[in-house]
Amino acid sequence: MAQRRRPPHQRHEQRHSGTREQRDAPPPVSAKGSQIVYGRHAVTAALANPLRVVQRFLCLRENIEEAALLLAEARATQRPPRPEPIERRALEILLPADAVHQGLALEAKPLAEPDLDDVLAAIPQASEPHILLLLDQVTDPHNVGAILRSAAAFAALAVIVPEHGAPPVTGTLAKAASGALETVPLVRVTNLARTIERLKTEGFWCVGLDSDASESLTEIELPVRIALALGAEGAGLRRLVREQCDYLAKLPVRGALHSLNVSNAAAVALYALTQKAGTQRSK
């Protein structure tokens, strides 16, 4: 039976230091329609992505040899330009305050936004668990990026967010994703509740995380197609999204603290679901 209609008390999203102006600053760009991707893992993954068009490859002088090696291994559709040495201060002007850039940055065209139909059409016909993550009003780019990273680690199909109430794709989000933005589709939809209805027609069962639910995520018998919905700090899942869930479940935690930051909750939930699937196959 579905565990629903109980008000969630999730305390998911982590607060980050810095002024409001720093947190809400627009994505740093050096040319119209371009995007800055920075940090070793994000830059390496972008260069390895054949769909990513790189316009400039910036690096500190002490990183020129590393940049040349990454360029030699690049698989971009258009071969990136030669690494361009840049002074630290000039690089930092392009990036958010206190960005950990590790001496590497790209100016690149944004990736084309993936479509949900394409994600669903590419699902393999196998007995492995197929997991979609749905984020309801998760607005912190650090959290969305970290969730993308966990989604990549546990082979989730995609991360789905609403058009309104989700952060834009910026260098900050790409850095937090540590390269996962290049491999895990970040799908934007008009309405999350209606998207869940659509997923049900495709054989997915939707589980909403709720720390006040009576059943643990590991106690629910689920098919291989799972849509996992996570809410934001404070309010948790919104009413319409919660009502569309087939089940509400809590994380299998043992300590006195029953709620986690949303990105940590996503990682624990993905681990629990994949471990459970592995245990069921071994029986």
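Refer to the structure printed above.
Residues numbered from 1 in each chain as written. Predicted model: local features only at pLDDT ≥ 70, side-chain atom pairs only at ≥ 80, totals over all residues. Heavy atoms only, no water.

Trainee: Go over the overall build of the protein with me, naming the residues and quoting the values.
Mentor: Along the protein, the regular secondary structure elements total 10 helices and 10 strands. In the protein, buried positions account for 49% of the 283 residues. The long-range share in the protein, meaning contacts at least 24 apart out of those at least 6 apart in sequence, stands at 82%. A total of about 14100 Å² of accessible surface is found on the protein, and carbon and sulfur atoms cover 51% of it. (Helix = DSSP H or I, 4+ residues; strand = E, 2+ residues; numbered from the N terminus. Buried < 20%, exposed > 50% of the residue type's maximum accessible area, 1.4 Å probe, protein only. Contact = heavy atoms within 4.5 Å. Areas by Shrake-Rupley, 256 points an atom, 1.4 Å probe, with all protein chains shown as cover.)

Trainee: Residues and numbers for the pairing of strand β7 (residues 186–189), please.
Mentor: Burial of the side chains of β7 extends over both faces: Leu186 and Arg188 are buried on one face and Val187 and Val189 on the other. Sheet analysis places strand β6 (residues 158–162) next to β7, joined by 4 bridges and oriented parallel. Within the sheet, the bridge partner assigned to Ile160 lies in β7 and is Val187. Since β6 and β7 lie parallel, the crossover through helix α7 (residues 171–177) that links them has a hand, and here it is right-handed. (Pairing = 2+ DSSP bridges. Right-handed = clockwise from strand over helix to strand, strands pointing away.)

Trainee: Could you give an account of the packing of aromatic side chains, with specific residues and numbers?
Mentor: For the structure on display, the rule yields 2 aromatic pairs. Taken together, a centroid distance of 6.4 Å and an interplanar angle of 70 degrees make the contact between Phe154 and Tyr271 edge-to-face. One end of the pair, Phe154, is in the loop between α6 (141–153) and β6; the other, Tyr271, is in helix α10 (residues 262–282), and 117 residues separate them in sequence. You can call Phe154 partly exposed: its relative accessible area is 26%. Ring geometry for Trp205 against Tyr247: centres 5.9 Å apart, planes inclined by 25 degrees, an arrangement best described as stacked. Taken together, the residues Trp205 in strand β8 (residues 205–209) and Tyr247 in strand β10 (residues 247–249) connect sequence positions 42 residues apart. Taking the relative accessible area as the measure of exposure, Trp205 reaches 38% and is therefore partly exposed. (Phe/Tyr/Trp six-rings, centres within 6.5 Å; stacked < 30°, edge-to-face > 60°.)

Trainee: Quick one: what's the story with the pairing of strand β1 (residues 35–38), residue by residue and with numbers?
Mentor: It is a general feature of regular strands that their side chains alternate between the two faces of the sheet. On β1, burial covers both faces: Gln35 and Val37 on one face and Ile36 and Tyr38 on the other are all buried. As defined by bridge partners, β1 adjoins strand β4 (residues 104–108) across 4 bridges and the pair is classed as antiparallel. Residue pairing for β4: Tyr38 is matched across the bridge by Ala105.

Trainee: Provide a residue-level description of the nonpolar core, including the pertinent values.
Mentor: In terms of nonpolar packing, the biggest core is built from 52 residues, with Phe57, Leu133, Leu148, Val159 and Leu230 touching the most fellow members. Beyond its immediate sequence surroundings of up to four residues, Val159 is in contact with Leu133, Leu135, Ile147, Leu148, Ala151, Val184, Pro185, Leu186 and Val187. Formed by 23 residues, the second largest nonpolar core is a distinct cluster that contains Val119, Cys206, Ala213 and Val241. (Core = buried A, V, L, I, M, F, W, Y, C linked by side-chain atoms within 4.5 Å.)

Trainee: Go over α6 with me, naming the residues and quoting the values.
Mentor: For α6, with 13 residues, the first-to-last C-alpha span of 18 Å sits near the 18 Å given by 1.5 Å per residue. What α6 keeps buried is the set Pro141, Asn143, Val144, Gly145, Ile147, Leu148, Ser150 and Ala151. Put simply, Asp140 is the residue that caps the front of α6, since its side-chain oxygen is 2.8 Å from the backbone nitrogen of His142. (Expected span 1.5 Å × (residues − 1). Polar contact = N/O pair within 3.5 Å; in protein donor to acceptor, adjacent residues only side chain to side chain.)

Trainee: I'd like a rundown of the sheet that holds β10, residues and numbers included.
Mentor: Spatially, the 6 strands line up as an open sheet ordered β7-β6-β5-β9-β8-β10, and their pairing is parallel. The sheet terminates laterally at β7 and β10, the two strands that pair on one side only. Going from strand to strand, the sheet's axes swing by 25 degrees on average, the running direction of each strand aside. Relative to β6, strand β5 (residues 130–136) runs parallel, the two being bridged by 3 bridges. Residue pairing across strands places Leu134 opposite Ile160, the latter belonging to β6. α6 rests against β5, β6 and β7 of the sheet, and its axis sits at about 175 degrees to β5. Each of β5, β6, β7, β8 and β9 (225–231) is contacted by helix α8 (residues 192–201), which is oriented at about 165 degrees to β5, the strand it contacts most. (Axes fitted to C-alpha atoms, helices over the stretch in contact; angles between N-to-C directions.)

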